[in-house]
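Single-letter residue listing:
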Amino acid sequence: MKFENILLKFLDLIQGIYRALGANYEQLRAIVAIKLTMDNRRQTVSLKRKENKESNNAFLMTLLFYSIFGAFVSIVIYNIASLVVSMIFFFSYIMMMVAMTLITDFSSILLDTSDNTIVLPRPVDGQTLFLARLTHIMLYLGQLTLSLSLVPCIMVSIKFGIYFLFIFSIAIILSVFTALLITNVTYLLIMQFASEEKLKNVINYFQIIMAIVMMAGYQLLPRLMGRFELDGYVFEVEWWSYLIPPVWMGAALESLYYHAIDMQHLILIIVCILFPIGGLFVTNKYLTPIFNKKLGELGNATEQITKTKEEKIQKQSVFDNISAWFTSNSFERASFELVSKMLSRDRKIKLKIYPVVGYILVFGLVFMIRGKEDLNSLWNNLPDTQYYFVLIYITFTLLQTALFEIPYSDDFKASWFYNSVPLDRPGEILSGMVKAIFVKLFLPIYTVISIFITFVWGLSVLDDILFGLVNNFLILLIVASIGKRILPMTMAPSAKNQTGNLVRGILMMFCMAIPGGLHYLLSNWPLVLIGVMPIQLGAIYFILRSYKATKWSSIQF
């Protein structure tokens with residue numbers, strides 16, 4: 001029996017409640033069944049599956065992933081001696097995960113108005129539709145919360161006993177209601193001041209942040225917990241404690257467990273109970289009608305042009321000047337501008353590439369904190385190390401990811417236009433693509449990293465920064481030349497699994513390692529390093545010229 005059928009059987013047991021509330025239960029059940037089926041077919045931010053295979057258990061796999069993540073969190077909680085600190089950590093985790101998952105993975109369902117065209121013309125009353133949507137949300141939250149907190153609940157029952165598990169479970173429910181209220185308010189604030197397009201962009205950035213947070217939590221949390229001395233830490237209620245919901249939950253549980261009731265803890269217990277329950281009432285009574293109204297406006301709204309014609313002309317002229325600096329002909333410039341706009345506007349491309357920026361920071365920190373020294377000592381001793389080499393070359397991951405993702409698009413069928421233009425050398429399109437990736441993605445990030453490197457290691461490493469900049473572009477050209485030559489947006493995403501080549505991958509690794517290794521060996525002789533740069537530039541010139549000369553016979557479609 002499918003898991004969604006189990007949930008529907010549960011609804012059948014309480015169908016009398018829905019009938020008492022004035023809903024047509026048969027219609028409600030059918031709507032919820034469709035929504036649950038679609039949940040299991042969506043691709044989530046938290047768990048990416050192969051795009052050429054459609055799974056009917058995607059949501060269950062996501063829940064399993066969250067359960068594993070909850071197991072890691074439970075280990076951390078178990079090793080924190082202070083009850084209140086461990087509870088604050090847990091409820092920060094549970095509320096952040098619920099809120100971020102609602103915004104990222106569930107927004108495609110919550111903000112989708114396409115089902116209105118199917119449901120509204122049917123004889124479905126508003127109460128039935130509202131309760132169906134509410135039931136879907138509560139089932140989603142219930143499954144999500146259960147997967148996030150199942151293992152921590154087992155740990156809590158072992159460490160603190162069954163009595164504490166009971167009040168701990170109630171606190172989890174209250175924290176989910178609090179996260180739901182915060183999410184609703186966040187949506188309404190965004191929808192109040194943003195158009196539909198801007199709202200989708202904001203959600204896209206939340207998805208990027210969510211992907212980074214998941215990676216950072218997995219990589220950094222186990223490494224950092226041992227560096228904080230929490231055994232002797234005593235939590236004291238401060239004025240800011242009344243503003244942070246996880247502190248309400250943690251302090252309330254501490255007070256009830258140790259039977260320590262004072263005025264401060266009593267206020268926190270009251271706030272812990274009243275805020276989620278009051279928020280649920282406010283959400284149902286006031287926010288939900290406003291949200292439904294805004295949702296209806298989104299479904300009928302069209303994107304408004306907010307910029308004047310003069311501003312557009314000015315912006316376009318600036319962008320044309322930038323593309324003209326890095327390109328040599330009209331075809332290369334057109335490719336440069338196309339890829340640049342893709343990187344700025346295509347949400348799916350941004351969701352695949354931009355999290356790598358966060359991964360770079362995470363893995364850079366992972367590399368630097370792998371020793372046993374504390375964080376203060378690590379920072380003080382950082383100038384005596386050569387970790388800046390890691391920062392210089394780890395950024396290439398961004399280039400490699402973009403180079404791999406740009407050729408793939410859901411709109412690949414529109415690639416016929418490449419054959420409709422008088423283009424003898426498609427290599428000019430490829431070179432424009434490579435230059436756009438380097439200029440649009442790499443240069444801004446590398447500039448920020450270079451400023452950090454200069455701040456920590458001083459001006460003496462400027463030659464390494466400059467050499468690394470040229471070296472990264474050289475490596476990018478080598479990797480692009482060795483790899484399969486595919487024009488931007490010409491391949492279906494399902495074709496990715498057919499592009500693997502072990503020998504080519506090994507060659508790419510060598511081509512990346514050799515220039516970086518040469519830089520490391522020459523770093524002790526700055527004059528030699530500067531002297532090698534003309535050789536670098538010469539290699540870039542000849543490789544780029546060869547790459548631009550790519551013929552149609554070498555292009556893969």
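This text gives an overview of the structure that appears in the document.

Analysis parameters
Residues numbered from 1 in each chain as written. Predicted model: local features only at pLDDT ≥ 70, side-chain atom pairs only at ≥ 80, totals over all residues. Heavy atoms only, no water. Helix = DSSP H or I, 4+ residues; strand = E, 2+ residues; numbered from the N terminus. Buried < 20%, exposed > 50% of the residue type's maximum accessible area, 1.4 Å probe, protein only. Contact = heavy atoms within 4.5 Å. Areas by Shrake-Rupley, 256 points an atom, 1.4 Å probe, with all protein chains shown as cover. Salt bridge = Lys/Arg side-chain N within 4 Å of Asp/Glu carboxyl O. Polar contact = N/O pair within 3.5 Å; in protein donor to acceptor, adjacent residues only side chain to side chain. Axes fitted to C-alpha atoms, helices over the stretch in contact; angles between N-to-C directions. Left-handed = near helix turned anticlockwise from the far one by under 90°. Nonpolar A, V, L, I, M, F, W, Y, C, P; charged D, E, K, R; others polar. Core = buried A, V, L, I, M, F, W, Y, C linked by side-chain atoms within 4.5 Å. Expected span 1.5 Å × (residues − 1). Bend = angle between axes of the 7 residues up to and from the residue. Patch = residues over 30% accessible without salt bridge, like charges linked within 9 Å, V, L, I, M, F, W, Y side chains within 5 Å. Parallel < 35°, antiparallel > 145°, perpendicular 65-115°, else oblique.

1. Describing the overall build of the protein chain
Each helix and strand in the protein chain was counted, giving 23 helices and zero strands. Within the span of the protein chain, comprising 557 residues, buried residues form 46% of the whole. Residue pairs in contact within the protein chain that sit at least 24 positions apart in sequence constitute 81% of those at least 6 positions apart. Working note: accessible area of the protein chain is about 28600 Å², and carbon and sulfur atoms make up 67% of it.

2. What to know about the pattern of salt bridges
By the definition in use, this model includes four salt bridges. Measuring nitrogen to oxygen at the nearest pair gives 2.9 Å for the salt bridge that ties Arg29 to Asp12. Residue Arg29 is found in helix H3 (residues 25-39), and its partner Asp12 is found in helix H1 (residues 3-13); the two are separated by 17 residues along the sequence. When its relative accessible area of 27% is taken as the criterion, Arg29 is described as partly exposed. Residue Glu26 is joined to Arg19 by a salt bridge in which the shortest nitrogen-to-oxygen separation is 2.8 Å. You can call Glu26 partly exposed: its relative accessible area is 48%. Connected via shared salt-bridge partners are Glu332, Lys435 and Lys548.

3. Remarks on the side chain of Thr550
Here Thr550 lies in the segment after helix H23 (526-548). Separated by 2.6 Å, the side chain of Thr550 and the backbone oxygen of Tyr547 make a polar contact. Beyond its immediate stretch of four places on either side in the chain, Thr550 contacts Arg425, Pro426, Gly427, Leu430, Arg485 and Ile555.

4. Describing the side chain of Ser147
Position of Ser147 relative to the elements: it lies in helix H8 (residues 126-160). Taking the relative accessible area as the measure of exposure, Ser147 reaches 5% and is therefore buried. Engagement of the side chain of Ser147 in a polar contact is seen with the backbone oxygen of Leu144, the distance being 2.7 Å. Once you skip the residues sitting within four places of it in the chain, Ser147 turns out to touch Leu63, Tyr66 and Ser67.

5. A few points about the packing of helix H19 (residues 396-405) against helix H20 (residues 427-457)
At a closest axis distance of 10 Å, the pairing of H19 and H20 adopts a crossing angle of 145 degrees. Handedness of the crossing formed by H19 with H20: right-handed. Seen from H19, the contacting residues are Phe396, Leu398, Leu399, Ala402 and Leu403; seen from H20, they are Met433, Val434, Ile437, Phe438, Leu441, Phe442 and Ile445. Along the lines of polarity and charge, the residues of the contact of H19 with H20 split into twelve nonpolar, no polar and no charged.

6. What about the nonpolar core?
One finds Ile353, Ile406, Met433, Val434, Ile437, Ile453 and Trp457 to be the most contacted residues of the largest nonpolar core, which totals 63 residues. Of all elements in the fold, only helix H14 (330-345), helix H15 (347-353), helix H16 (355-368), helix H18 (388-394), H19, H20, helix H21 (462-482) and H23 reach the threshold of two or more residues within this core. In terms of residue count, the dominant contributor to this core is H20 (15 residues). Tyr66, Tyr93, Ala99 and Ile137 belong to the second largest nonpolar core, which has 44 residues in total.

7. So, H23
Between its terminal C-alpha atoms H23 stretches 33 Å, which fits the 33 Å expected from 23 residues at 1.5 Å a residue. Looking only at H23, the buried set comprises Leu529, Val532, Met533, Gln536, Ile540, Leu544, Tyr547 and Lys548.

8. So, unusual backbone geometry
Phi at Met489 is positive, roughly 60 degrees, even though this residue is not glycine. The residue Met489 is located in the loop between H21 and helix H22 (502-522) in this model.

9. Here we look at the environment of Phe130
Within the fold, Phe130 resides in helix H8. When its relative accessible area of 23% is taken as the criterion, Phe130 is described as partly exposed. Spatially, the C-alpha atom of Phe130 lies 9.1 Å from that of Ala23, the residues being 107 residues apart in sequence.

10. Looking at H8
At Ser149, H8 shows its maximal kink, close to 45 degrees; a proline, Pro152, follows between one and four residues later. Looking one or two residues beyond H8, the residue adopting positive phi is Gly161, at roughly 100 degrees.

11. Looking at a nonpolar patch on the surface
Taken together, the side chains of Tyr163, Leu256, Ile261, Met263, Leu266, Ile267, Ile270, Ile273, Leu274 and Ile277 define a hydrophobic patch exposed on the protein surface, amounting to about 910 Å² of accessible area. If one sorts the elements of the nonpolar patch by residue count, helix H12 (residues 263-300) sits on top with seven residues. Along the chain, Ile273 falls in helix H12.

12. Focus on the packing of H19 against H21
Between H19 and H21, whose axes approach to 10 Å, the crossing angle comes to 30 degrees. By the criterion of interaxial angle, the relationship of H19 to H21 is roughly parallel. Between H19 and H21 lies a crossing whose hand is right-handed. Residues Phe396, Leu399 and Leu403 of H19 touch H21, and the partners they reach there are Asn472, Ile475, Leu476, Val479 and Ala480. When the residues that make up the contact of H19 with H21 are grouped by side-chain class, the tally is seven nonpolar, one polar and no charged.

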